[in-house]
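# Observations on the model geometry
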Amino acid sequence: MKKLLLASLCILLLSITQVFAQNRTVTGTVTAKDDGLPLPGVSVIVKGTTSGTQTNANGKFSISVSGNAVLIFRFIGYAPVTKEVGTSEVINVSLANTSRDLTEVVVTAAGITRSAASLGVAANTIKAGEITQANPTNLLSGLSAKAPGLQIGRSTGGVNTAVRISLRGQRSFSKSSEPIFVIDGVPVSNSSIQPSTTSGNQVDVGSRIGDVNPEDIESVTVLNGPNAAALYGSLASNGAIIITTKNGKNRNKKYEVSFSSSFGLDKVQKLPTFQNQYGSGYNGEYDQIENTNWGPELDGHMVQSGPTLADGSKNMIPFSAVKDNVKDFFNTGKTWNNSVAFSGGNDKSSFYSSFSDVEQSGVIPMDKFRRNTVKLSGSAQLSNKFTISGNIQYNRNITRTSFQGGTGATGVYNAVLNSSRQINIENFKDWRHNPFAGPDGYFDGYYPNPYYALENNRFNSMLDHLLGSMQVGYDPFKWLNITYRLGTDVSIDNRKQTFERTTYGLTAISPTQRPGSTTGSVIEGSNYERILNSDLLLTFKKDLNKDFSTTFILLNNIYETNQRLLSTTANAIAIPGFFNLSNAVGQLSGSEQTFLTRRYSFAGDLTVDFRKYLYLNATLRNDHSSTLAPSNRSYWYPSASLSYLLTESIPELKNSDALSFAKLRASYAKVGNNANAYSLLPTFNPGSGYPYGSAASFSLTNTYPDPNLQPEFTSSYELGTELSFLRDKLGLDFTWYQTKSSNLITNVALASSTGYTQATLNAGDIKNKGVEIALRGKPFSSANGVSWNFTVSYTHNDSKVTRVYQDSKILPLGTGDPVPAAIVGQQYPVLYGSKFLTDGQGHVVVGANGNPIKDPSNQVLGQVNPKHIIGFSNSISYKGFTLSGTLDYRTGNVIYSGTMNTLIFTGSTPLTTQYNRQPFVFPNSVIKNADGSYTPNTTLKTADGGFDYWYSVYNQVAANNIVDAAFLKLRDVSLEYQLPKNLLKGTPFGRASVALTGSNILLWTPKSNQYIDPEANAFGTNNSQGREISNTPSTRYFGLNIRATF
Amino acid sequence: MAAALAITTSSCEKNFLDVNTSPNNPSTSTPELVLPSAVNFAGSQVNGSFNVLGNLLTGNWGQAPDFLFYLPQETYNLTPGTYDTQWTNFYANSLKNLQYVIDNANGKKNLVAIAKIMQAYDFQVLADAWGDIPFNDALKNTKVIAPKYDAATSVYDGIIKLIDDGVASIDVSATAIRPAAADIVFGSSALIAEMDFWKRFANTLKLRVLIRQSRATNRTSQVTAGFASLSGASFLETNAASNPGYANQSGQFSPIYTSIGFTLTGAQTSNYQATRGNKFAVDFLANSSDPRLTLLYRPVPNITTSNVYKGVIAGSTAASGNRSADLSPVGASIVKASADGGYATPAYLISASESYFLQAEAQVRGYLTGGVAGAAINYQKGVEESFKVLGSTANAADAYITAGAANRLINFNLAVGLNQQIEAIITQKWIALNGINGFEAWCEFRRTGYPTGNPLTQNQQSGGKFPVRLPYPQNEVNGNGANVPKIDIFNNRIFWDVD
């Protein structure tokens, strides 16, 4: 794909070369060695002259030569070939791919392309084929483990789930820690607006980058640190993900239709381990309506389950464990993914157009998602001096799912986990006709039938999303280019959430304990988001002398974000099953929120190139932000970087086989970030419950503002090297970085006795340092034999909170036990919560009744982000077959598992049966003596061995639900067969391939994690991570994919 | 693309960036608009979660054994997180906004009076629940980010001063501005009556503050001076309750209905099912043939053939016959059904009954004139008002007293000596506060030890001790840790809790 990306650059270079008349014509075709396809845009130059030409769309060239000329064929990404013409009139050449390409360009800030060699910072480009290796429906999932420094988290196994990215740790308390996402030069949103701010009634609603069709992607460049992205300003302190779409820049490409179709199956991957010894009840006594398993041993005798119905009928079941009852609840999810693209161009214009359709059904019954995308882009050279290009992408998502998370009546997975061990959930599917499955007869006295919950409480979303940009370039002089680009990202999400009004137990006569009735509700919402971005760039190029050349870019940027969230709620409904606001009982409640921010900026970017081996780049940017007070609105920040190509500068190394390439780089950058909208002035909220009828009341908000808020800054140092050995058989990239973020704009939690619960202030410093290493290997490569490529990447980030605010040492990010928090001296973020009291040597202290004692103060329970991330991708080809796979390993972090908490509560995990529900001596515990010393406890047993211990004592301590989050995943696997060319001869197909793909095929977790896929997380893309609350389990995917071009 | 042009051109204008005024929330308000919500927050705490807390700790209510709603209260495992929200509601949502009213009143003296009296009310609840609390340094936003804790005794002095200042600010002159709708306690009355109610409220509050600390060490001079100032004062004869207009609308239920009541469509909430009558109070009322039994508790739902009242042994384990539906729910006079307008129950701040029992105690202790004879009258009125607030009548109360002539906890004249008189007063006050203001009952239980026999929960993990205060909340531990006193909730009593 490299060759296509760079074709336009070649044209530019060649258009200034004059062609002199010669006396003989030589023709020929240039093809690529790897696939035999013609290469358009290859430069063909007569050695020792300035005359030359380039190949056309079919790879053909024609050139006039005189005498015994020598032709040089050059193309970016390929080794140059020199041919003596001799007496031949036809010269066919095939060019071989090189891994090392000094003229390869990388798209950096504001659509500026720079040669990779000149970059003084870490940047990794992931190409189309690698992203779509396992046919992900979400572009970001396709990036997992494919570049060093990249940490990708998927939240759940639902349909269209959100994917969260972070680079080099987190650097902000109150603002997003996600990198900036840029599509074709336009910053876009990756927001994820959750339907609820609490853990109940949640839906994984996906995030906006997930709307992009992965097949439309040309490449993704990961700029790991603020250094690379300094020109983006505010949002770039977390790095940048630069997405280049197939946008029709590929002139002289033959007209082509490409088609990709895949079908895949999703299966629930990791489910908790269950105990099969005890059934429902309390204290060893059977209880027919009990959701928890603290009853007697399961012995197979017949028992009544659930209430007796009004007609006297009873549901009799064997009192034996239904081992796979939870697993049986889940369906096999299905994904159909079809896309077709049309592209082509001549030397003046090009276009790309595509359509895609993704249809998913989830592992939770009735969960459905459908996404259609349409894309049209094109570019044209209007005259010698103008170029124009445009890009429009539209998609519609339709999401229809049930709710998850939380412990209320609507959390489907939670209801499944609350089915007792002797319950065969599948028998309760037909709740409309089976009286024992309906609200009156379902066995559980406290939770609804999950099938009833999922069918009657629904989340519906219809999202329209438009990404569009247009760019005009003008080259009035050889040394000046003027480019203007305007882009927008608009999405409108119309949502309807419906909750059924249910009365339980109308006809049950005994026992009467039934779940609490629900009033039903309807929530109509509309979320509108828009980003508008305008860039004006003036690029000056000047060769000062034969050693020095310079490029200077002046940039003006205008950036506006607009968000409007509306919702109307019927808090109860009159007629069950009729979900319209008109069916409301009581008043409708509504809310309206608008957020508008604006920023304009000026920046300069100077690159000095010394003999093509030493590059210096310096930038300076000035932002004016609407979210700061007029006196603080304007702020400046610089960056500088140096790139030195050792192998180019030292003649002895130039053609060395041992060290084929060596680059050293260093950089410094500072990036400023503004505040959130409306953070400067105190405001009033409607008082709780107000207005009561005509009576209004307002209350001062509990956030105390600082009208003098300053921008926050991140400064960053980075050193790195890129080395290549043994003619590129082995490569090593190494980066060391350190960032310091200071004066972070923070919502500092205040003691409420100040009158406020938080204050928005400049407070808090975080340091991050780490290394990113990639080892690339190509031990074998032959055109027809075996080729093997691999990349091992390693990422380690060490963060430290160095200041929170004044004397305070802890800043909770949200609420709960545990709560993610920023704590001075600790990694950011850590989970902070309750744990058992210990004697200082790790022995738990038990009280006089034998129960462990809860530590009166909260403690740090572990860090949220992994300490070490290792990715290992492999690709082995033989003839037309390619087998690729990616392993992903993370370790050093923890996660709080709400699923584990629920399973201890219900007594469903083997943890609760290890002492056969009897009081036991807490292992390695101690007793505190009167003098403060400790004596090992060998005899004193816990007060209880059942629910009163496991729930009332054990589960009251957050630390007991903390799980080691380490994992090893076989992330993506694909076995592809490329049909040979001769087989396709005579067919309309240019290329065709078929592939078996899979993702998340294998998962290894530590023995202690019997509960969840640790990649699970609280919903969305916000900073409050590290907790899982009965999330839908993750899935493994198997698929079949067919691709063809014609 | 036209929009873009507009953006580009307007960037030259100065106001392009002046878009940072929130369109979502107003940045100005008035004291009249701020006062109602500030008072409502106090009522919500005292009648909502604190009411539940007090009723759980004084043997009135218990958790249905098959529910897990009150684990901290049932195990006495009260943690910094348990009442974190309530602390915040008092300081940030009530007291701060009352301070806004005081600071921005602009000569509206009656608003200042109400705000100061309500601040006194809030601070007393805070000091009674937590002991030493921020007072002088409190409510100063980021100017004092770590407010120092003042001794509960000096908070009490501050409360008396707030009451005195509040009363002094009452203005019923012809030119005075009537709070009217801004006053959600007495605002429906004409100005003179309204402010007279506030004066009585202030006096009764002062009486409560003085009685509470009357036996504390080294408080004699303050108590004596305080009572001297109450000489000839008039006290509440009606229930003082806040009511912003509670309605059957989402978010507009009365606090008790929100806490343990019903849904918008009138169905039982899980909280209703989880909250049951406590065996101690149910048996106490049944044994003394108290007609209030059927008002304070509902019959057992599972037995439909007759009205059976059965309380839960707090902390007991679920078993057949000992589940929610086998036990008496909270009564129809406390949390009325939707059809009976339960959502509109006002939030009682100080009940008339409490006012009379306070006066009775002040008289038997000799702080107010009238002596034991006067106390007997106030005692009877207290019982009558208790019956009335539950929807019964004074006559029914008198009949109950007559029938209980042999019981010294009913017949005040049978109580001999100060101790027995106090026990009768406090025991009757405990019944009168059942479901109305459980927190006040818990304070009085801690101060006096009555009602006698209030049981520990079976599930207590405190070595047989009642908690005597609340642990300091998490937000203070996190944000003001250096100042938060180190206390033990089982042994470090509030200063007025002397035995």
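Keep in mind it's a predicted model, so treat the numbers as computed, not measured. (Residues numbered from 1 in each chain as written. Chains lettered and ligands numbered in written order. Predicted model: local features only at pLDDT ≥ 70, side-chain atom pairs only at ≥ 80, totals over all residues. Heavy atoms only, no water.)

Another point: the confidence of the model for chain A. Residues and elements named next belong to chain A. Residues of chain A with pLDDT of at least 70 account for 92%, and the chain-wide mean is 86. Ranking the helices and strands of chain A by mean pLDDT puts strand β37 (residues 698–700) first, with 96, and helix α2 (residues 7–14) last, with 34. Here residues 1–22 is modelled with pLDDT under 50, and outside its nearest four sequence neighbours on either side it reaches 42 contacts, counting other chains as well. (pLDDT = per-residue confidence, 0-100. Helix = DSSP H or I, 4+ residues; strand = E, 2+ residues; numbered from the N terminus. Contact = heavy atoms within 4.5 Å.)

Further remarks concern the nonpolar core. Formed by 110 residues in total, the largest nonpolar core has its most connected members in B:M118, B:F123, B:W130 and B:F201. Per-element accounting of this core gives the leading share, 14 residues, to helix α6 (residues 109–130) of chain B. (Core = buried A, V, L, I, M, F, W, Y, C linked by side-chain atoms within 4.5 Å. Buried < 20%, exposed > 50% of the residue type's maximum accessible area, 1.4 Å probe, protein only.)

A contiguous patch of positive charge on the surface is contributed by A:K740, A:K767, A:K769 and A:K800. Along the polypeptide, A:K769 turns up in strand β43 (residues 765–780). (Patch = residues over 30% accessible without salt bridge, like charges linked within 9 Å, V, L, I, M, F, W, Y side chains within 5 Å. Areas by Shrake-Rupley, 256 points an atom, 1.4 Å probe, with all protein chains shown as cover. Salt bridge = Lys/Arg side-chain N within 4 Å of Asp/Glu carboxyl O. Lys, Arg positive; Asp, Glu negative; His and termini not counted. Charge placed at Lys NZ, Arg CZ, Asp CG, Glu CD.)

Before going further, it helps to examine the packing of aromatic side chains. Tallying each qualifying case throughout the model produces 81 aromatic pairs over all chains. Consider the rings of A:Y949 and A:Y954, whose centres lie 6.2 Å apart with planes at 45 degrees: the pair is tilted. Each member of the pair, A:Y949 as well as A:Y954, is classed as buried. A ring pair is formed by B:F186 and B:F201, whose centres lie 6.5 Å apart and whose planes are at 70 degrees; its orientation type is edge-to-face. Taken together, the positions of B:F186 in the loop between α7 (152–168) and α8 (191–212) and B:F201 in helix α8 put the pair 15 residues apart, joining distant regions of the chain. Taken together through their ring pairs, the aromatic side chains of B:F50, B:Y83, B:W87, B:F90, B:Y91, B:F123, B:W130, B:F135, B:Y149, B:F439, B:W442 and B:Y472 make up a single cluster. Here the basic side chain of B:K96 rests over the ring of A:Y756, its NZ or CZ set 4.0 Å away from the ring centre. For the cation-ring pair, B:R446 lies above B:W442, with the distance from its terminal atom to the ring centre recorded as 3.8 Å. (Phe/Tyr/Trp six-rings, centres within 6.5 Å; stacked < 30°, edge-to-face > 60°. Lys NZ or Arg CZ within 6 Å of the ring centre and 35° of its normal.)

For the coordinates displayed, the defined rule picks out 51 salt bridges over all chains. The partner of A:R598 in a salt bridge is A:E560, and the shortest N-O contact between them spans 2.8 Å. You can see A:R598 sitting in strand β32 (residues 588–610) and its partner A:E560 sitting in strand β31 (residues 548–570), a full 38 residues away along the chain. Just as A:R598 is buried, A:E560 falls in that class too. Across the pair B:R200 and B:D196 runs a salt bridge whose closest N-O atoms are separated by 3.2 Å. Here B:R200 and its partner B:D196 are both found in helix α8, four residues apart, which amounts to about one turn of the helix. The class for B:R200 is buried, based on a relative accessible area of 18%. Each of B:D128, B:R208, B:R212, B:E354, B:E361, B:R365, B:K429, B:E440, B:E444 and B:R447 takes part in a single network of salt bridges with overlapping partners.

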